[in-house]
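If you want the building blocks of each chain, they are given just below.
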Amino acid sequence: MTTTLRPSGPLQQTTAGARSRPYEIRVNSRRAGSLLIASDTPFGPTVGEIRDLDVDGPDRRRGRATVAALAAEEVLRGWGCRRVRVSVPAASAGGLRLAGALGYVEYSRRLAKALPAAAPALSEGVLDRPMTPAEYALWSATAREVYAAQWTGRGMSAEAAHAKSAADHRALLPRGPDTPGVTFSVLEAAGTPVGHLWTAPDEEGCYVYDVEVGAAHRGRGYGRDLMLLAERVALAGGHRRLALQVFAGNAPALGLYASLGYRPTAFHYAKDLL
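Source: prediction; values computed, not measured. (Residues numbered from 1 in each chain as written. Predicted model: local features only at pLDDT ≥ 70, side-chain atom pairs only at ≥ 80, totals over all residues. Heavy atoms only, no water.)

Caption draft 1: Focus on the pattern of salt bridges. Under the criterion given, the structure shown has 22 salt bridges. Taking the shortest distance from any N to any O, the salt bridge between Asp54 and Arg60 comes out at 3.3 Å. A relative accessible area of 36% places Asp54 in the partly exposed class. Two residues, Arg77 and Glu73, come together in a salt bridge whose shortest N-O distance is 4.0 Å. You can see Arg77 and its partner Glu73 sitting in helix H1 (residues 64-78), four residues apart, about one turn around the helix. According to the relative accessible area criterion, Glu73 is buried, its value standing at 2%. Residues joined in a network through salt bridges with shared partners are Arg110, Asp202, Glu203, Glu204 and Arg241. (Salt bridge = Lys/Arg side-chain N within 4 Å of Asp/Glu carboxyl O. Buried < 20%, exposed > 50% of the residue type's maximum accessible area, 1.4 Å probe, protein only. Helix = DSSP H or I, 4+ residues; strand = E, 2+ residues; numbered from the N terminus.)

Caption draft 2: Structural detail: the pairing of strand E11 (residues 205-213). As defined by bridge partners, strand E10 (residues 192-202) adjoins E11 across eight bridges and the pair is classed as antiparallel. Looking at the pairing, Pro201 lines up with Cys206 of E11. Count of turn residues in the E10/E11 antiparallel hairpin: two residues. Bridge count between E11 and strand E12 (residues 241-247): three bridges; the pairing is parallel. (Pairing = 2+ DSSP bridges.)

Caption draft 3: Seen up close, the nonpolar core. Judged by nonpolar contacts, the single largest core of 29 residues is most densely connected at Leu187, Met227, Leu242, Leu244, Tyr257 and Tyr262. For this core, the secondary structure elements donating two or more residues are strand E9 (183-189), E10, E11, helix H5 (222-236), E12 and helix H6 (251-259). The leading source of residues in this core is H5, at nine residues. Setting aside chain neighbours within four positions, we find Met227 in contact with Val208, Val211, Leu244, Leu256, Tyr257, Leu260 and Tyr262. (Core = buried A, V, L, I, M, F, W, Y, C linked by side-chain atoms within 4.5 Å. Contact = heavy atoms within 4.5 Å.)

Caption draft 4: Examining the confidence of the model for the protein chain more closely. Taken as a whole, the protein chain shows an average pLDDT of 94; of its residues, 98% reach a score of 70 or greater. Per-element averaging of pLDDT across the protein chain places helix H4 (residues 158-172) at the bottom with 91 and E9 at the top with 98. (pLDDT = per-residue confidence, 0-100.)

Caption draft 5: H6, seen in detail. Every buried residue of H6 is listed here: Ala253, Leu254, Leu256 and Tyr257. Buried residues along H6 cover an arc of 165° about the axis, so they all sit on one side. More than 90 degrees from the buried face of H6, the exposed residues found are Ala251 and Pro252. Contact partners of the buried residues in H6: strand E7 (105-114), E11, H5 and E12. In the stretch just after H6, Gly261 is the one whose phi turns positive, near 95°. (Arc of directions from axis to C-beta.)

Caption draft 6: Representation of the environment of Leu242. Mapped onto the elements of the fold, Leu242 is located in strand E12. As a C-alpha pair, Leu242 and Ala200 span 42 residues in sequence and 9.9 Å in three-dimensional space. What Leu242 contacts, discounting residues up to four positions off in sequence, is Leu111, Ala112, Lys113, Leu115, Cys206, Tyr207, Val208, Ala230, Glu231, Ala234 and Tyr262.

Below you can see the structure in the form of structure tokens.
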């Protein structure tokens, strides 16, 4: 029996060159599943994604997903893509095995935590306060550059990365620190600012967009206090769940989040198309 992909909808293409098309997984002429193949707009047309790969129940554990993923990679090569990304739910044991078997490497993961009923206490001598307008102006300028650098480090051109940084910050913070639902906080220890926090609502409840301990104050447990502060902010906003994204190579952060009860909800993988 032959497993193939068959288009199930028209090819969509933007003026910037990004493409997407839905496909059915077919075993001979019989439908066995579906997926969506797309070139990833933020990176331009040379990075693709395989999305929503799903094999119908009776056809699972027969290698259909493996063949479909490899066929999707061939489609992306034909589109001129040099890299492919996939996101796998943490609960999908089969999806995680498949990603590993096909040579995908994790680059980040999304973590989440169900919040306790009572707000946690910060360490003795540690307080929080709102970020001042002057602090926000400095943070904003730095954050845009750091965010752009993260994207250039993942293969995006400098011009595209700076444009994306500006556009994403405008979308998330149309009114700066006065954007509804957004909270910018500064953590102080003995009256000295030691770190900052940016949170806002998202589809899971509350999301940590930025958390950082100042370089001169690291290694003293302030990262834990900032995350406890994030819980306090989320609970004060009526949220019962807190989520964030972390890069796979950030071992100290991964250890901290695990110790605080965060668990993965999705893994993000990528590999080069040779």
